[in-house]
Amino acid sequence: MAYCLQCGHQAEQKIPEGDHNLRLVCPSCDYIHYENPKVICGALVIYEQKVLLCRRAIEPRYGYWTLPAGFMEIGETIAQGALRETVEEADAIATNPHLYCIYDIPDIGQIYVLYLTDLQDGKFGTGIESLECALFSEDEIPWDEIAFEAVKRTLNHYFTDRQHHYNHNDFPLHQEQIAKDKSIKRY
Ligand code: ZN
């Protein structure tokens, strides 16, 4: 059961006039609770050809490896959010953010925006949402223990792209849709 955020009255599902989607609407004060996609910002952090991964200390996917990433906050840019997440999850400073991967996941209303970055001084720790953090070379990546499809794809893109590009600023932007069946769609 849901209640109005504005007046506390019991809210109901209906299509507001002039709209075409079901919304949670308050019959008492007419407040409409809009739910829109959320942006997840994150960083692929590189040091001497290795990538920084964090093992999740939280659900979902507890114990699986991921990139530093999380929900964007009001008051920050996407890149700032990616760098903040790197501090929070890996106790590390990521620098030189280069826009690298954008994934739409329409089925769950999420948009991932991931930046290719450098790890300052090669230093990192373990953030509060991580069990451990570590740098992995390509042949050390625990592919069967990667938390999310978006992370898997980003790692794959990176190991492919670096065969053709040296400077991070020359890496191409990857924009894809992640569908339920995990098939690759390009827009
Ligand atoms: Zn209300």
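Nothing here was measured: the structure is a model prediction, and the numbers come from that model.

Calculation rules
Residues numbered from 1 in each chain as written. Predicted model: local features only at pLDDT ≥ 70, side-chain atom pairs only at ≥ 80, totals over all residues. Heavy atoms only, no water. Helix = DSSP H or I, 4+ residues; strand = E, 2+ residues; numbered from the N terminus. Buried < 20%, exposed > 50% of the residue type's maximum accessible area, 1.4 Å probe, protein only. Domains from an automatic or database assignment.

Chemist: Which residues make up unusual backbone geometry, and what values go with them?
Modeler: The omega torsion across Glu-59 and Pro-60 is -5 degrees, close enough to zero to call that bond cis. Counting through the fold element by element, Pro-60 comes out in the loop between β5 (50–56) and β6 (65–66). One non-glycine residue, Asp-91, adopts positive backbone phi at about 50 degrees. Within the secondary structure, Asp-91 sits in the loop between α1 (78–90) and β8 (94–105). Positive phi, close to 60 degrees, is recorded for Asp-121, a residue that is not glycine. Within the secondary structure, Asp-121 sits in the loop between β9 (110–119) and β10 (130–136). Under the relative-accessibility criterion, Asp-121 is labelled exposed at 56%.

Chemist: Residue-level account of the domain arrangement of the protein chain, with values.
Modeler: Under the domain assignment used here, the protein chain contains domain 1 (1–35) and domain 2 (38–186). Computed over C-alpha atoms only, the centres of domain 1 and domain 2 are separated by 36 Å.

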